[in-house]
Every structure is written in structure tokens, then in C-alpha cells.
Amino acid sequence: MEEKLKKTYYIVLGILILLFFTKDIDVENEFYKNIKLITKPDELLVLVNKNNQLLNSYVPNNLENISLKFANKDKYLRKEAKEAFEKLASDASNLGYRIVAVSAYRDYNYQNQLFNYYVSEKGLDYALECSAKPGHSEHQTGLAVDVEGENKDYDNFEDTKEFKWMKNNSHKYGFILRYPKGKEHITGFKYEPWHYRYVGIDVATTIYNNNITLEEYLNN
Ligand SMILES: [Zn+2]
């Protein structure tokens, strides 16, 4: 009888150890699963990613035009993000850097078209890697901006002196590099040197100093 109990004990222990070591692997594979609808989309620290979705009807109520000095055409951000971005781009310009918004607020339907365009042109795998499904793009919050630098090629923004400046200074204006290299398993998105998210100066500084992502910051 005692032997049988012992055996059961070891089997249960084994299962628990197995569960413990596989739970992280599960988390990595859970993108676009167990999706939660976002209930407070206007919050400054709203988390939009592959597991947290905005309603298709959500439009921020305080979108404002970015000055055309710092945008390649009409681009909109939420008021607080727009003001911070213009200050950032203006200070950068005074230092000899060219930082220009090439994409900012994108509505649900546009994101839907964009995602479907990638699927039809390059296939589903490519679309999933390089784009977000509608409702899962941070650009719908009006708090995210894609920028280009001196080479006028956002895809190769990493090669510019502007990137180096943004990397070490954008937090002073409340922006974070949202999808850093090596954090893809946490953010669900590939490294994007050009994509910045407004979270306010205090939070951006904490995220910068601790070298973490918004997901990690919100879990702490
Ligand atoms: Zn972006």
C-alpha cells in the first residue's frame, strides 16, 4: 500500500514539474488565442497586442493633425501624443536630426485592408509576421507613430543617426521603442526600430531604464 502511494506521489510530482517547464512555451504560442476585448481604450497605458483587441468601432476622440514639418502627409495622433511628438521632432531638428512621421493613427478598416493586402501579396505567414490583424494594431489607439530619418526609408531606420538618437532620447518625451530586438516572444511582434508608442514621460523612463517592454511593465 505504501509503495503504491509513493508511486502516485512521484507521478503527480512529475506531472507538476512537466507543467512548470512547459508553461512558458505555451505562453509563446498563445498569440491570437484567448483574446480579450479592451474595455478602457482611452487609457494612456492601454495594452493593444495579439491578445488584447480593440473594438472595430473604437476611434480616439481627441485626434489631432501632426504639423507637416514633422509628418510626410496628413497624420493624426491623440492630442497628448501629438504635442509630445512635435516637441521631440522639433528638438531633434534643432540638433540636426530629421524625424518624420510616416504612419500614425490608423483606423480599424484601414488596418483590415492593410492586413489583407499583405495576405494576398505575400501570404498569411508573412502578414502575421509583419502586420497586425485589425483591432490588434497599436496604431488604432492614436498613440503610436512610425518614423523615418535622413535616409527617408523607415524600413531601414535602424541605419540612421536618428535611430541612435531616438533610442536614447525618445523616453524623455514619453515615447518607447515598442518592439525591441530579443523581446519578440513577449510583444508578439518582430523588431521594429521605427515604431514608437507614447506612454508619458514617467512610464517611458522606467521602461527605458529597466530595458523592458510595455507588457512587462504592466505585469509588474
Ligand atoms: Zn508601427
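Cut-off values and rules
Residues numbered from 1 in each chain as written. Predicted model: local features only at pLDDT ≥ 70, side-chain atom pairs only at ≥ 80, totals over all residues. Helix = DSSP H or I, 4+ residues; strand = E, 2+ residues; numbered from the N terminus. Buried ≥ 20, exposed ≤ 12 C-beta atoms within 10 Å, placed from the backbone. Contact = placed C-beta atoms within 7 Å. Pairing = 2+ DSSP bridges. Axes fitted to C-alpha atoms, helices over the stretch in contact; angles between N-to-C directions. Expected span 1.5 Å × (residues − 1). Core = buried A, V, L, I, M, F, W, Y, C linked by C-beta atoms within 7 Å.

## Considering the overall build of the protein chain
For step 1, the next point in the chain: A tally of regular secondary structure across the protein chain gives eight helices and eight strands.
For step 2, the next point in the chain: Based on the C-alpha atoms only, the size of the protein chain along its principal axes is roughly 80 × 40 × 35 Å.
For step 3, the next point in the chain: Of all 220 residues assigned to the protein chain, the portion counted as buried reaches 33%.
For step 4, the next point in the chain: The contacts of the protein chain with a sequence gap of at least 6 include a subset with a gap of at least 24, amounting to 59%.

## Concerning the environment of Asp146
For step 1, the next point in the chain: As for its position among the elements, Asp146 is in strand β6 (residues 144-148).
For step 2, the next point in the chain: When the C-alpha positions of Asp146 and Glu192 are compared, they lie 9.1 Å apart, and in sequence the two are 46 residues distant.
For step 3, the next point in the chain: Setting aside residues up to four positions removed in sequence, Asp146 forms contacts with Val102, Ser103, Tyr154, Trp194 and His195.

## So, the sheet that holds strand β5 (residues 100-103)
For step 1, the next point in the chain: In spatial order, the strands read β5-β6-β8-β7; together these four strands make up an open sheet with antiparallel pairing. Every other strand in the sheet has two partners, leaving β5 and β7 (175-177) as the edge strands with one partner each. With direction set aside, neighbouring strand axes in the sheet form an average angle of 45°.
For step 2, the next point in the chain: Examined bridge by bridge, β6 and strand β8 (residues 195-198) share three bridges and lie antiparallel to one another. Bridge pairing links Val145 to Tyr196 in β8.

## Describing helix α3 (residues 108-122)
For step 1, the next point in the chain: Given a rise of 1.5 Å per residue, 15 residues ought to cover 21 Å, and the 21 Å separating the end C-alpha atoms of α3 matches this to within 8%.
For step 2, the next point in the chain: Phi turns positive, to about 95°, at Gly123, one or two residues after α3.

## Description of the pairing of β8
For step 1, the next point in the chain: Burial of β8 is two-sided: the residues His195 and Arg197 facing one way and the residues Tyr196 and Tyr198 facing the other way are all buried.
For step 2, the next point in the chain: Taken together, the three bridges between β7 and β8 define a ladder with antiparallel strand orientation. Bridging from a neighbouring strand, Leu177 pairs with Tyr196 of β8.

## Here we look at the nonpolar core
For step 1, the next point in the chain: Grouped together as the largest cluster of nonpolar side chains are 36 residues, with contacts concentrated most on Leu77, Phe85, Ile99, Ala101 and Val147.
For step 2, the next point in the chain: When contributions to this core are tallied by element, the ones reaching two or more residues are β4 (76-78), α2 (79-94), β5, β6, α5 (161-169), β7, β8 and α7 (201-210).
For step 3, the next point in the chain: With six residues, the top contributor of residues to this core is α2.
For step 4, the next point in the chain: With residues near it in sequence (within four places) discarded, Phe85 still touches Ile66, Phe70, Leu77, Ala101 and Val145.

## Topic: unusual backbone geometry
For step 1, the next point in the chain: One non-glycine residue, Asn34, lies in the positive phi region at around 50°.
For step 2, the next point in the chain: Phi at Lys152 is positive, roughly 50°, even though this residue is not glycine.
For step 3, the next point in the chain: One can find Lys152 in the loop between β6 and α5.

## With respect to the environment of Lys6
For step 1, the next point in the chain: Mapping Lys6 onto the fold places it in helix α1 (residues 2-28).
For step 2, the next point in the chain: The exposed category is assigned to Lys6, around which 10 C-beta atoms lie within 10 Å.
For step 3, the next point in the chain: Sequence separation of Lys6 and Glu30 is 24 residues, and the distance between their C-alpha atoms is 35 Å.

## Focus: the environment of Tyr117
For step 1, the next point in the chain: Within the secondary structure, Tyr117 sits in helix α3.
For step 2, the next point in the chain: On the neighbour-count criterion, Tyr117 (12 C-beta atoms within 10 Å) is exposed.
For step 3, the next point in the chain: Along the backbone, Tyr117 and Ala127 are ten residues apart, and their C-alpha atoms lie at a distance of 8.3 Å.

So yeah, pure geometry; function would need other evidence.
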